[in-house]
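# Coordinates in review
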Amino acid sequence: MKELTQDNMEQEIQNRQSMIVFVHTPFCATCQLAEKMLRILEEGEQQQLFYRMNASFFPEFMHQHQVESVPALLWIRDGKVKEQVYAFESVTNLFHLLEKWRKKQSIS
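Note that the coordinates shown come from a computational prediction; the quantities given were computed from them, not determined experimentally.

Our focus in this paragraph is the overall build of the chain. Counting its regular elements, the chain contains four helices and five strands. Put simply, the chain runs from its N terminus to its C terminus through helices and strands in the order β-α-β-α-β-α-β-β-α. For the chain, the spread of C-alpha atoms along the principal axes amounts to about 35 × 30 × 25 Å. Relative to its 108 residues, the chain shows a buried fraction of 42%. Across the chain, contacts joining residues at least 24 apart in sequence account for 63% of those joining residues at least 6 apart.

Here it is, written out as structure tokens:
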């Protein structure tokens with residue numbers, strides 16, 4: 001997972017047609033569990049799939065994109081949040097979500 005910072009966030013969003021951002025806060029136990037699930041997916045794919053954003057450092061982004069809680073998974077396409085997911089449930093569920101977003105990416 002690549003960390004988004006104040007310095008690199010805009011550039012990363014501009015440079016990528018599509019990206020998936022994991023929104024968390026450091027002391028959120030549910031966020032820590034969700035991150036473990038995402039890391040399992042990255043290990044299985046043997047590549048970076050997700051960007052990581054500490055919500056505490058991006059209050060304006062959170063408000064602008066109406067991110068309601070953490071953990072959250074955001075699918076950003078062409079600089080806009082297209083979908084948001086708050087219930088991670090399982091690695092299998094996240095795998096299917098990732099496949100769904102990949103299909104939408106190739107169709108558009």
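Picking up where we left off.
For helix H2 (residues 29-45), with 17 residues, the first-to-last C-alpha span of 25 Å sits near the 24 Å given by 1.5 Å per residue. Listed in full, the buried residues belonging to H2 are Cys31, Ala34, Glu35, Met37, Leu38, Leu41 and Glu42. In a view along the axis of H2, the buried residues occupy a sector of 160 degrees, so they form one face of it. Residues of H2 that are exposed and angled more than 90 degrees away from the buried face: Ala29, Leu33, Lys36, Glu43 and Gly44. One or two positions beyond H2, positive phi appears at Gln46, with a value near 55 degrees.

Turning next to the nonpolar core. Grouped together as the largest cluster of nonpolar side chains are 18 residues, with contacts concentrated most on Leu38, Leu73, Phe88 and Leu94. Breaking this core down by element, the ones donating at least two residues are strand S2 (18-24), H2, strand S4 (72-77) and helix H4 (91-107). With five residues, H2 is the largest single contributor of residues to this core. Contacts of Leu94, omitting those with residues within four sequence positions, involve Met37, Leu38, Leu41, Leu73 and Phe88. Counting 16 residues, the second-largest nonpolar core is a separate cluster that includes Leu4, Val23, Tyr51 and Leu74.

What the rule picks out here adds up to nine salt bridges. A salt bridge links Lys2 to Glu12; the nearest nitrogen and oxygen atoms lie 2.5 Å apart. Note that Lys2 is positioned in strand S1 (residues 2-3) and Glu12 in helix H1 (residues 9-15), a separation of 10 residues in sequence. Of the residues examined, Lys2 reaches a relative accessible area of 33% and is grouped as partly exposed.

Rules and cut-offs
- Residues numbered from 1 in each chain as written.
- Predicted model: local features only at pLDDT ≥ 70, side-chain atom pairs only at ≥ 80, totals over all residues.
- Heavy atoms only, no water.
- Helix = DSSP H or I, 4+ residues; strand = E, 2+ residues; numbered from the N terminus.
- Buried < 20%, exposed > 50% of the residue type's maximum accessible area, 1.4 Å probe, protein only.
- Contact = heavy atoms within 4.5 Å.
- Expected span 1.5 Å × (residues − 1).
- Arc of directions from axis to C-beta.
- Core = buried A, V, L, I, M, F, W, Y, C linked by side-chain atoms within 4.5 Å.
- Salt bridge = Lys/Arg side-chain N within 4 Å of Asp/Glu carboxyl O.

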